[in-house]
Structures are given as C-alpha cells and as structure tokens.
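# Fold and geometry: a report
Here's the letter readout for the chains.
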Amino acid sequence: MRYFAGAKAAAGRGEEQVSAADVAELKAVLAQRHGPALDKVLSASTLLVDGLAARSGATALPAGCSVEVLPPFAGG
C-alpha cells in the first residue's frame, strides 16, 4: 500500500503491507486498522492496482501487487 496526500495523513504513514483477497476486503482491513478518518478518504479515493484503476470492490489483489491510494486533488 502506498498513500498520498490526505490518505497519507489519515493513515499516519506513507506505506504499509496489507494482505487482502480483493479491494472490498482491503478497504475493510484498512478501516479497522486506521479508523473512520481513513475510511472516509478511501470512499472518495481512486485505488490503483498495479497502475490500473480498481473500479469494483471485487477487483482481485494478486500476491505481491502494488496498491496506491489517490485521494481527489484540487486543481486549478
């Protein structure tokens, strides 16, 4: 797991190791581990699994994959 911006602040770290079979399980594990602040950020974020956007909670997480949490960014 790699966190950026608000996700990094909510998790209290830039990265960590997490085991989960799919995105839904991953989000549940992270919410339990880090609490409601990260859960809220995750609900608004894009998760990239090996560089590809995970569009569903059923997206599988193969062993050794890379997951990045990209919260919405303000732009201008």
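So, here's what we can say about the structure. (Residues numbered from 1 in each chain as written. Predicted model: local features only at pLDDT ≥ 70, side-chain atom pairs only at ≥ 80, totals over all residues. Heavy atoms only, no water.)

Now for the side chain of Glu-68. Relative to the helices and strands, Glu-68 is located in strand S4 (residues 67–70). Side-chain polar atoms of Glu-68 contact the side chain of Arg-2, separated by 3.1 Å. Those residues within four positions of Glu-68 in sequence are excluded, and the remaining contacts are Arg-2, Phe-4, Thr-46, Leu-47 and Leu-48. (Helix = DSSP H or I, 4+ residues; strand = E, 2+ residues; numbered from the N terminus. Polar contact = N/O pair within 3.5 Å; in protein donor to acceptor, adjacent residues only side chain to side chain. Contact = heavy atoms within 4.5 Å.)

This part takes up the nonpolar core. Counting 18 residues, the largest nonpolar core has Tyr-3, Leu-26, Leu-38 and Leu-47 as the members making the most contacts within it. Setting aside chain neighbours within four positions, we find Leu-26 in contact with Met-1, Val-18, Ala-20, Leu-47, Leu-61 and Val-67. (Core = buried A, V, L, I, M, F, W, Y, C linked by side-chain atoms within 4.5 Å. Buried < 20%, exposed > 50% of the residue type's maximum accessible area, 1.4 Å probe, protein only.)

For sheets, the rule is that strands pair by backbone hydrogen bonds, running either parallel or antiparallel. Spatial strand order, S1-S4-S2-S3: four strands in an open sheet with mixed pairing. Unpaired on one side and paired on the other, strand S1 (2–3) and strand S3 (52–53) mark the two borders of the sheet. With two bridges connecting them, strand S2 (residues 46–49) and S3 associate as antiparallel partners. For Leu-48, the partnering residue across the bridge sits in S3 and is Ala-53. The sheet strands contacting helix H2 (residues 23–34) are S1, S2 and S4, and the helix crosses S2 at an angle near 120 degrees. (Pairing = 2+ DSSP bridges. Axes fitted to C-alpha atoms, helices over the stretch in contact; angles between N-to-C directions.)

This next bit is on the side chain of Glu-16. Here Glu-16 shows up in the loop between helix H1 (5–11) and H2. Overall, Glu-16 belongs to the buried group, its relative accessible area being 9%. Ignoring any residue separated from it by four or fewer positions in sequence, one finds Glu-16 in contact with Met-1, Tyr-3, Leu-30, Arg-33 and His-34.

Take the pattern of salt bridges next. If you walk through the whole model with that rule in mind, you get two salt bridges. The closest approach of N and O atoms between Glu-68 and Arg-2, which form a salt bridge, is 3.1 Å. Separated by 66 residues along the polypeptide, Glu-68 in strand S4 and Arg-2 in strand S1 bring together distant segments of the chain. We classify Glu-68 as buried; its relative accessible area is 17%. Here Arg-33 makes a salt bridge to Glu-16, at a shortest N to O gap of 2.7 Å. With Arg-33 in helix H2 and Glu-16 in the loop between H1 and H2, this residue pair connects regions lying 17 residues apart in the sequence. (Salt bridge = Lys/Arg side-chain N within 4 Å of Asp/Glu carboxyl O.)

In short, shape yes, function no, at least from these values alone.
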